[in-house]
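Structural characterization, general
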Amino acid sequence: MKDLFSWFVPNAASLLSGEVDGVLFFIFLLSLVILGTVAGLILFYLIRAWEKGGRKEASSDSLKPFHFTGLALGLFFLLGLIGIFVWGFKVFVSHQVVPRDPVEIEARVDDDGWTFGYDNGVSQKELVVPVDRPVNLHFHTEGKTQTLSVPDFRFKGEAVYGRKTTAWFQAEKTGSFPIIGTAENVKVVSLEDFEKWIQEGVAAQTQGSPAELGAKLYQQNACFTCHSVDGSPGVGPTWKGLYGTQEQLTDGTQVEVNDEYIKESILDPMAKVTKGFQPVMPPYQGMLTDEQIAAITAYIKTLKD
């Protein structure tokens, strides 16, 4: 029966998949039992009534077996519903409590899709995680609510504007698993390969001059979506010739574009909004290190008029 049920659900590839499928299988089986019991009783009593057609109205004593049957079935169904609640609540709690020592990943979504930030400073479109280790995603959005769903993991997390939300999973199989609603996949690798990938990312961040690293971060974090480097207009101010200028803010004050201002604008873009532009930039708190912000600043300094 369970093998037959597996035809209707995606492959199970995470730690909690078995628990979720167990509850679903129990509900499915209980529903079949209830359906079969009710249909069988209806058929039984219809046949019995037909065979005794024309008999006078039954006495209260003759109806006692029917009362007992109804009471027994009601109690059985009630116990089944209680079982669904208890089991389902246990699975719910398991989804809410993050295990120890998880891999912490920042998941940010905008009009261009999801971006995932790691402790090694790498920010990319593909979600790479290790097998057999918990992964805790921290969701951020500056727009409408977006859902990240991976059916093979029985996982769903939501990025809600104005709220800090998290969700976790633990993959138990390596490979690529699709994310619903996007062209991206979750890539699950061995723990050794993941650690190697993290170290390679750290090494890549230290290669080249700060300005060269800043140019890479400009591409990796899709800064080009809003900020041009050739003076052309965009959603945000162009970076060309920006450093050292005086920016007019929406509150009527002016501020010099220096290292401190750039850092603040990256971490808390709503603190000082440039006049003529909408406050749509998401904060990069937790996604960029101080060294990376300094590298971006160094890159902006090279973009002179």
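A word on the pattern of salt bridges. A full pass over the atoms with the stated rule returns six salt bridges. For the salt bridge of R133 with E195, the shortest nitrogen-to-oxygen distance reads 3.7 Å. Taken together, the residues R133 in the loop between β4 (127-130) and β5 (135-141) and E195 in helix α4 (residues 191-206) connect sequence positions 62 residues apart. Residue classification places R133 among the buried residues on the basis of a relative accessible area of 18%.

Once that is clear, we can look at the pairing of β4. Alternating positions in β4 separate into two faces, L127 and V129 on one and V128 and P130 on the other, with burial throughout. Bridge analysis of β4 against strand β10 (residues 185-189) gives four bridges, and the strand direction is parallel. By the bridge assignment, V128 is partnered in β10 with K187.

A word on the environment of F169. Position of F169 among the secondary structure elements: in strand β8 (residues 165-169). Since its relative accessible area comes to 3%, F169 is described here as buried. In sequence terms F169 and L137 are 32 residues apart; their C-alpha atoms lie 8.6 Å from each other. If near-sequence neighbours (up to four positions away) are discounted, F169 is found in contact with L127, V129, R133, P134, V135, L137, F153 and F155.

This part is about a nonpolar patch on the surface. A cluster of nonpolar residues, L75, L78, L79, I82, F85, V86, F89, F92, V93 and V97, forms a patch on the protein surface that exposes about 990 Å² of accessible area. Structurally, the position occupied by F85 is in helix α3 (residues 64-96). For F85, a relative accessible area of 59% translates into the label exposed.

Let's shift gears to the nonpolar core. Among the nonpolar cores identified, the biggest contains 30 residues, and I105, L127, F139, F153 and F155 are the most heavily contacted of them. The leading source of residues in this core is strand β1 (residues 103-110), at four residues. Ignoring anything within four residues of it in the chain, the contact list for I105 reads F116, G117, Y118, L127, V128, V129, V135, N136, L137 and H138. In this structure, Y218, V255, Y261 and M287 belong to the second largest nonpolar core, which totals 22 residues.

About the thresholds
Residue numbering note: each chain is counted from 1, following its sequence as written. It should be noted that, the model being predicted, local features are given only for residues of pLDDT at least 70 and side-chain atom pairs only at 80 or more, the latter also being counted only at that level, while totals for whole chains, interfaces and linings use all residues. Each side-chain value is derived from all of the structure's non-hydrogen atoms; neither hydrogens nor water enter the calculation. By definition, a salt bridge exists where a carboxyl oxygen of Asp or Glu is found within 4 Å of a side-chain nitrogen of Lys or Arg. A run of H or I in DSSP becomes a helix once it reaches four residues, and a run of E becomes a strand once it reaches two; helices and strands are each numbered from the N terminus. Relative accessibility thresholds used throughout: buried, under 20% of the residue-type maximum; exposed, over 50%; partly exposed, between the two (1.4 Å probe, protein chains only). Any two strands are treated as partners once DSSP identifies two or more bridges connecting them. Contacts are assigned to residue pairs with any non-hydrogen atoms lying within 4.5 Å of each other. By definition, no residue in a patch forms a salt bridge, and every one has over 30% relative accessible area; like charges are joined within 9 Å, nonpolar side chains (Val, Leu, Ile, Met, Phe, Trp, Tyr) within 5 Å. For accessible areas, the Shrake-Rupley method is used with a probe of radius 1.4 Å. Any residue's cover is judged against the shown protein chains and nothing else. The term nonpolar core refers to a set of buried residues drawn from Ala, Val, Leu, Ile, Met, Phe, Trp, Tyr and Cys, joined through side-chain atoms within 4.5 Å.

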